[in-house]
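Survey of secondary and tertiary structure
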Amino acid sequence: MRGRIVVAGLAGLLVSGCAAEAEPVAVPPPVPIAVDVAAASSGGACRLLDFAVIEQLVKERFDVAAASDEGDTHTCVVRAGGATLPELTLSVTETTIDKTTFGTDVTPDKAAKVTGLGQQAYKRTIAAAGGHGPVAEVGWLAADGRLATLSWTGARGSKRAAAEKLTGDLAALAKKVDTRAL
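Below: a short report on this structure. All figures in this text were calculated on a predicted structure; none of them were measured in a lab.

**A closer look at the packing of aromatic side chains**
The full count for this structure, using the stated rule, is 2 aromatic pairs. A centroid spacing of 5.7 Å and a plane angle of 70° characterise the contact between F62 and W152, whose relative ring orientation is edge-to-face. Of the two residues, F62 is situated in the loop between helix 2 (51–58) and strand 1 (64–70) and W152 in strand 7 (residues 146–153); the sequence distance between them amounts to 90 residues. With relative accessibility at 1%, the residue F62 sits in the buried group.

**Here we look at the nonpolar core**
Ranked by size, the top nonpolar core spans 33 residues in total, and within it V78, L88, L90, W140 and L170 carry the most contacts. Breaking this core down by element, the ones donating at least two residues are helix 2, strand 2 (73–79), strand 3 (87–94), strand 6 (135–142), strand 7 and helix 4 (160–174). Considering every element that reaches this core, the biggest residue donor is helix 4, with 6 residues.

**Quick word on the sheet that holds strand 4 (residues 112–113)**
Sheet architecture is open: 7 strands sit in the order 1-2-3-7-6-5-4, paired in antiparallel fashion. One side of each edge strand has no neighbouring strand; the edge strands of this open sheet are strand 1 and strand 4. Where strand 5 (residues 120–126) lies against strand 6, 7 bridges are found, and the strand directions are antiparallel. Among the inter-strand pairings, T125 is bridged to a residue of strand 6, identified as A136. Sitting on the sheet, helix 3 (residues 99–106) touches strand 5, strand 6 and strand 7, and the angle it makes with strand 5 is about 15°.

**Looking at the pattern of salt bridges**
Enumeration according to the criterion identifies 5 salt bridges in this entry. The partner of E94 in a salt bridge is R146, and the shortest N-O contact between them spans 3.9 Å. Here E94 is found in strand 3, whereas its partner R146 is found in strand 7, with 52 residues between them in sequence. Residues R180 and D178 are paired through a salt bridge, measuring 2.9 Å at the closest nitrogen-oxygen approach. Overall, the relative accessible area of 33% leaves D178 in the partly exposed class.

**A short note on the layout of surface pockets**
Any space left empty among the atoms is revealed by the rolling of a water-sized probe across them. Estimates place the volume of the largest pocket at around 160 Å³. Residue lining of the largest pocket: 13 residues in total, with W152, K159, A162, A163 and L166 positioned closest to the centre. Here the element with the most residues in the lining of the largest pocket is helix 4; it accounts for 5 residues. Tallied by class, residues from the lining of the largest pocket come to 7 nonpolar, 2 polar and 4 charged.

Reading the values: the criteria
- Residues numbered from 1 in each chain as written.
- Predicted model: local features only at pLDDT ≥ 70, side-chain atom pairs only at ≥ 80, totals over all residues.
- Heavy atoms only, no water.
- Phe/Tyr/Trp six-rings, centres within 6.5 Å; stacked < 30°, edge-to-face > 60°.
- Helix = DSSP H or I, 4+ residues; strand = E, 2+ residues; numbered from the N terminus.
- Buried < 20%, exposed > 50% of the residue type's maximum accessible area, 1.4 Å probe, protein only.
- Core = buried A, V, L, I, M, F, W, Y, C linked by side-chain atoms within 4.5 Å.
- Pairing = 2+ DSSP bridges.
- Contact = heavy atoms within 4.5 Å.
- Axes fitted to C-alpha atoms, helices over the stretch in contact; angles between N-to-C directions.
- Salt bridge = Lys/Arg side-chain N within 4 Å of Asp/Glu carboxyl O.
- 1 Å grid on protein atoms, 1.4 Å probe; cavity = no way out; pocket = protein on both sides within 12 Å on 5 of 7 lines; lining within 4 Å.
- Points joined across faces, edges and corners; volume = space filled by probe spheres on them.
- Nonpolar A, V, L, I, M, F, W, Y, C, P; charged D, E, K, R; others polar.

Have a look at this one:
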């Protein structure tokens, strides 16, 4: 008889444990992991840029890069997160022009000369227009037969004097760009 009572008791415990299911435990979603990706990972002319070097010389942190290649022209645009402006654009094109042609046909009127950059180089600013601020630009004829342009487009409302000052920083950044690496 004792055996039957023990078996009945165990059966009762087993059945009662199956009757009520435990509530699921809510688990918080995983925390997204932010990974810093190098500008070079975008390919194209982005292979010539480094976010840390840009931040060091231009005093602006960028973390998004996009590249495009069209024929002999390689382009890279870098921006900060979700912001549209400011943006930095590098364009490199293979060319056969010489210093004289660069000076007469490529260098814009009223541009200032930049020394120590390629065969010949210039810097200039362009007034704000079309929903963006002023543009700072540095262009140069690299020693390897490439024409390169580095331009900074400021946010709407930014001052032209700030863009003018930035041309010196862009020239320093341009001196770090090795167009032969394309």
